[in-house]
Amino acid sequence: ASCAAHILSKQPGGTLSDPPARQNSLWKILARILALARPYLLPMVLSYVGMTMATILNLLFPALIKLVIDEGLSGADQSYLLRIALLLMVLAVFRSGFLFGQSYFSEYAALKVRYDLRNDFYDRVQRQSFSFQDKTQTGHLISQFISDTETIGAFVSQGMMNVVSVVILFAGTVIVLFTFDWQLALLSMSVLPFVAWITIKFGNVTRPMYLRARDQFSRVNTVIQENLGGVRVVKAFAREPRETEKLDAADLEYLRLSLMPIRVWAWTLPMLVILGALATAIILWYGGSEVIRGSLTVGSLVAFTGYMAQLTPAIRRLGNMINLISRAVASGQRVFELFDIKNLIESKPGAIKLDDVRGYVRFENVCFFYDTGEGPEVLNNIAIEAKPGQVVAFIGPTGAGKSTIVSLIPRFYDVTSGRVTVDGYDVRDLDLESLRSHIGIVQQESFLFSATIAENIAYGRPAAPIEEIVAAARAAQADDFIQSFPEGYQTRVGERGSTVSGGQRQRISIARALLKDPKILILDDATSSVDTETEYIIQQALVRLMKGRTTFVIAQRLLTVKLADQILVVIGGKIVERGRHDELLALDGYYAEIYGSQLRDQEEMARRVEAAMAAERVG
């Protein structure tokens, strides 16, 4: 029967291609970005105090120039000029100190925010389920991790602070100008509504442009990451020109999308400059007339132009800040996409911690679909009982669902219906870390980190003594080739283990699983990359090492299958046959067919290897 009739629930899920955060408003995203600085409230407050005081002091300079002209020069009072000059110097010193505090504390908080954001981002990626990893491009994540977090940090240190600075400068300028001459102030401020409209329009237009450019930058990173990861394949097929064309096309599209907001800004900036010049022209024309009529002092006119000289670049700076805010919001959307994705695989509140594990594993009418029940059926009514210490082998064609079955035990995925239990506990009720701590896995694609061989073997038990590391390597038949390296166990393997062969990587991975000493052992085609002689040697070690462990083995090699207490033939997500080797041969079904077409030759080869090794021992 189809699993569709037994689906109990559909869990919500998400991917970065369909993010909930894209629905967030501008202000909600800005609020979330600013909330990142909440743990560093004190340095942020100090930086804003420094900025506020520096801006206020800046407002005093044109007013002091007015006094110099109207009082000092007109009265020919040199002592008055000296006092004003000294006051200007004192104010400049204080302003420099406040600017130092503003710069230091804002950058300190921004660096801390970047640090926290990167760690939080990395941690969330690490904790996401395999379903997330299956669908998300690595280049997209790298772009978010590096570029987007930097943009958000720049916004925290510069964006809002410069906006607040401009607001304070604008408010102070308006107050002072209206004190000097309210009519002239009104005329000079008449251009500001146009400035505001242009900056708001600029932000609304460029925000989606920056978002599209950021997404395209992720695609560029993906192309680079795939090329570097598959460089041997590229060279083997002489496809370097094609890969260069692929990157060029992706990078050219990124260039095109990046130029779009720049083009908008290139039109916006001259308009802001023209409006600033217009305000200055109004002051000189109307203010000059007032000076001629005697209703306005020369000092006041100079002060007016001084204030506008401060305000005009501040308004242009506001345009730059709108630019930065647009980029920060685009980056914030992309980063918060990941934060808003619900992790489908996590420990529930009050989860049970496994201490003493026997290794009794059951699959009870398990059905599984990818894509939360909307994708094709992967497993159909899987029922398995593995008693402590038993070996269960899976055999079947590629894509039959064998790896998916064993992935349900450590909860790399969750069942769609039915349940998987360990020692009678539903794995969904167990603490995830404690569950996986009792499971050792050797996956089909053996992965090694850029570290020493000893560190790779001890990855599951970092504090393991070297004697136990060596013992595990010997059991996995890895000690001989490790000792042949000049630095032995301290030999550093290259990226992804590139400095050792595929068979050597697999034996190191087996040693890594054995050192962990788990009660449940999963071998996902663990001997697929070794020759028949090495496989035979490893199997002799595994016969001893499997004792006391519940072992699940996925293999296409007869030596592995014949060890099993149960052999499960999986075809199309269903278990079509089960039993021991001889029992399944007697059925003359799928297993017998696989044995006749694939495994019989391996059996003959294994006999020859065993005979040769026995003769070698006798000799």
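Residues numbered from 1 in each chain as written. Predicted model: local features only at pLDDT ≥ 70, side-chain atom pairs only at ≥ 80, totals over all residues. Heavy atoms only, no water.

**Things to note about the packing of aromatic side chains**
- Overall, the coordinates contain 11 aromatic pairs when judged by the stated rule.
- Between Phe481 and Phe485, the ring centres sit 6.2 Å apart and the planes meet at 80°, which makes this aromatic pair edge-to-face.
- By relative accessible area, which is 21% here, Phe485 ends up partly exposed.
- Ring pairing ties together the aromatic residues Phe100, Tyr104, Phe105 and Tyr108, which thus form one cluster.
- Sitting over the face of the ring of Phe339, Arg124 holds its NZ or CZ atom 4.1 Å from the ring centroid. (Phe/Tyr/Trp six-rings, centres within 6.5 Å; stacked < 30°, edge-to-face > 60°. Buried < 20%, exposed > 50% of the residue type's maximum accessible area, 1.4 Å probe, protein only. Lys NZ or Arg CZ within 6 Å of the ring centre and 35° of its normal.)

**Some thoughts on the sheet that holds strand β9 (residues 566–571)**
- In space, the six strands of this open sheet follow the order β6-β7-β8-β3-β9-β10, with mixed pairing throughout. One side of each edge strand has no neighbouring strand; the edge strands of this open sheet are β6 (439–442) and β10 (574–579). When strand polarity is set aside, the average angle formed by the axes of neighbouring strands in this sheet is 15°.
- Here β9 pairs with β10 via five bridges, running antiparallel. Across the sheet, residue Ile571 finds its bridge partner in β10, namely Lys574.
- Running over the sheet, helix α16 (residues 502–515) touches β6 and β7 (520–524) and is turned about 180° from β6. (Pairing = 2+ DSSP bridges. Helix = DSSP H or I, 4+ residues; strand = E, 2+ residues; numbered from the N terminus. Axes fitted to C-alpha atoms, helices over the stretch in contact; angles between N-to-C directions. Contact = heavy atoms within 4.5 Å.)

**Focus: the pattern of salt bridges**
- Counted according to the given criterion, the structure contains 20 salt bridges.
- The shortest N-O distance in the salt bridge between Arg124 and Asp120 comes to 3.2 Å. You can see Arg124 and its partner Asp120 sitting in helix α3 (residues 78–127), four residues apart, about one turn around the helix.
- Across the pair Arg256 and Glu253 runs a salt bridge, and its minimum N-O distance is 2.7 Å. Of this pair, Arg256 and Glu253 both sit in helix α9 (residues 240–293), separated by three residues, roughly a single helical turn.
- According to the relative accessible area criterion, Glu253 is partly exposed, its value standing at 28%.
- Here the salt bridges share partners, and the residues they tie into one network are Arg362, Glu364, Glu385 and Arg419. (Salt bridge = Lys/Arg side-chain N within 4 Å of Asp/Glu carboxyl O.)

**Observations concerning the nonpolar core**
- In terms of nonpolar packing, the biggest core is built from 59 residues, with Ile33, Phe121, Val156, Leu177, Val335 and Phe339 touching the most fellow members.
- Secondary structure elements with two or more residues in this core: α1 (26–35), α2 (41–73), α3, α5 (138–180), α6 (182–189), α7 (192–229), α9 and α10 (298–340).
- With 18 residues, α10 is the single largest residue contributor to this core.
- Beyond its immediate chain neighbours, meaning those up to four positions away, Val335 contacts Leu117, Phe121, Gln144, Asp148 and Ile152.
- With 40 residues, the next largest nonpolar core counts Ile395, Leu448, Ala472 and Phe481 among its residues. (Core = buried A, V, L, I, M, F, W, Y, C linked by side-chain atoms within 4.5 Å.)

**Considerations on unusual backbone geometry**
- Non-glycine residue Asp423 carries a positive phi angle of around 55°.
- Structurally, Asp423 can be placed in the loop between β4 (417–422) and β5 (425–426).
- For Asp517, which is not a glycine, the phi torsion comes out positive at approximately 55°.
- Residue position: Asp517 is located in the loop between α16 and β7.

**What to know about the environment of Thr52**
- When you line up the elements, Thr52 lands in helix α2.
- The spatial distance from the C-alpha of Thr52 to the C-alpha of Ser165 is 6.8 Å, given a sequence separation of 113 residues.
- In terms of polar contacts, Thr52 uses its side chain to reach the backbone carbonyl oxygen of Tyr48, at 2.8 Å. (Polar contact = N/O pair within 3.5 Å; in protein donor to acceptor, adjacent residues only side chain to side chain.)

**Details of the pairing of strand β3 (residues 391–395)**
- Counting buried positions along β3 yields five of five residues, so the element is predominantly enclosed.
- Neither face of β3 is exposed, since Val391, Ala393 and Ile395 on one face and Val392 and Phe394 on the opposite face are all buried.
- Here β3 pairs with strand β8 (residues 550–554) via four bridges, running parallel. From the neighbouring strand, Ala393 faces β8, where its bridge partner is Val553.
- Looking at chain direction, β3 and β9 are connected through four bridges and run parallel. Bridge assignment links Val392 to a residue of β9, and that residue is Gln566.

**Description of the sheet that holds β4**
- An order of β2-β1-β4-β5 is seen for the four strands of this open sheet, with the pairing classed as antiparallel. The sheet is open, and its two edges are formed by β2 (377–386) and β5, each paired on a single side.
- Relative to β4, strand β1 (residues 361–369) runs antiparallel, the two being bridged by five bridges. For Val361, the partnering residue across the bridge sits in β4 and is Val422.

**Here's the deal with a nonpolar patch on the surface**
- Side chains of Leu41, Val45, Val49, Met53 and Ile56 sit close together on the surface and give an oily, nonpolar patch of about 400 Å² of accessible area.
- Here Ile56 is to be found in helix α2. (Patch = residues over 30% accessible without salt bridge, like charges linked within 9 Å, V, L, I, M, F, W, Y side chains within 5 Å. Areas by Shrake-Rupley, 256 points an atom, 1.4 Å probe, with all protein chains shown as cover.)

Purely spatial values, then, with no claim about function.
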